[in-house]
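An overview of the molecular structure
This is what each chain is made of:
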Amino acid sequence: VMYTYVDQDTCIACGTCGAVAPDVYDYDDEGLAFVLLDRNTGTFAVPEDLQEDVTDAHESCPTESIKLSDLVIGKEALTHI
Ligand code: F3S
């Protein structure tokens, strides 16, 4: 099981994650990324067919803002939206 969220405190709006995993990541008005699947709460398990894209985004982000976990990350990320 895989959960993901974007740390918007460190995201520099580089735009890589949405290019690599467009079904998972989108950008807010400021260009900061967030997880479409669960509004960046880190609570929705990434479907199996999207996990490779998420891993690619995680490895591609220049600021390591794409967080991955095999546990529910939790709702604290909500405050970053
Ligand atoms: Fe931000 Fe990293 Fe995506 S800097 S836009 S979270 S690839």
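For the structure itself, look to the data block above.
Structure report, in brief. (Residues numbered from 1 in each chain as written. Predicted model: local features only at pLDDT ≥ 70, side-chain atom pairs only at ≥ 80, totals over all residues. Heavy atoms only, no water.)

What about the site of the ligand?
Worth spelling out the cut-off: Each residue is tested against the molecule or strand, and it is near if at least one of its non-hydrogen atoms lies within 4 Å. In the scheme used here, Gly and all other residues not listed as nonpolar or charged are polar, with Ala, Val, Leu, Ile, Met, Phe, Trp, Tyr, Cys and Pro taken as nonpolar and Asp, Glu, Lys and Arg as charged.
Taken together, 14 residues form the shell around the ligand, and within it C11, I12, G15, C17 and C61 come nearest. Residue composition of the shell around the ligand, grouped by class: ten nonpolar, four polar and no charged.

What to know about the nonpolar core
Definition in use: The definition of a nonpolar core used throughout is a set of buried Ala, Val, Leu, Ile, Met, Phe, Trp, Tyr and Cys residues joined through side-chain atoms within 4.5 Å. A 1.4 Å probe rolled over the protein chains alone gives each residue an accessible area, and that area as a share of the maximum for its type sets the label: buried under 20%, exposed over 50%, partly exposed in between. The way it works is that DSSP assigns letters per residue, a run of H or I at least four long becomes a helix, a run of E at least two long becomes a strand, and they are numbered from the N terminus. When checking whether two residues touch, look at their non-hydrogen atoms; a contact exists if any pair is within 4.5 Å.
In this structure, V6, C17, V24, Y25, V35, V54 and I66 are the most contacted members of the largest nonpolar core, which totals 19 residues. Where this core is concerned, the elements lending two or more residues are β1 (3-6), β3 (33-35) and α2 (51-60). Top element by residues in this core is β1. It accounts for three residues. Excluding residues within four positions of it along the chain, C17 makes contact with P22, Y25, Y27, A33, A57 and I66.

What about the environment of G42?
Mapped onto the secondary structure, G42 falls in the loop between β3 and α2. Remark: the alpha-carbon pair of G42 and K67, spanning 25 residues in sequence, is separated by 8.9 Å.

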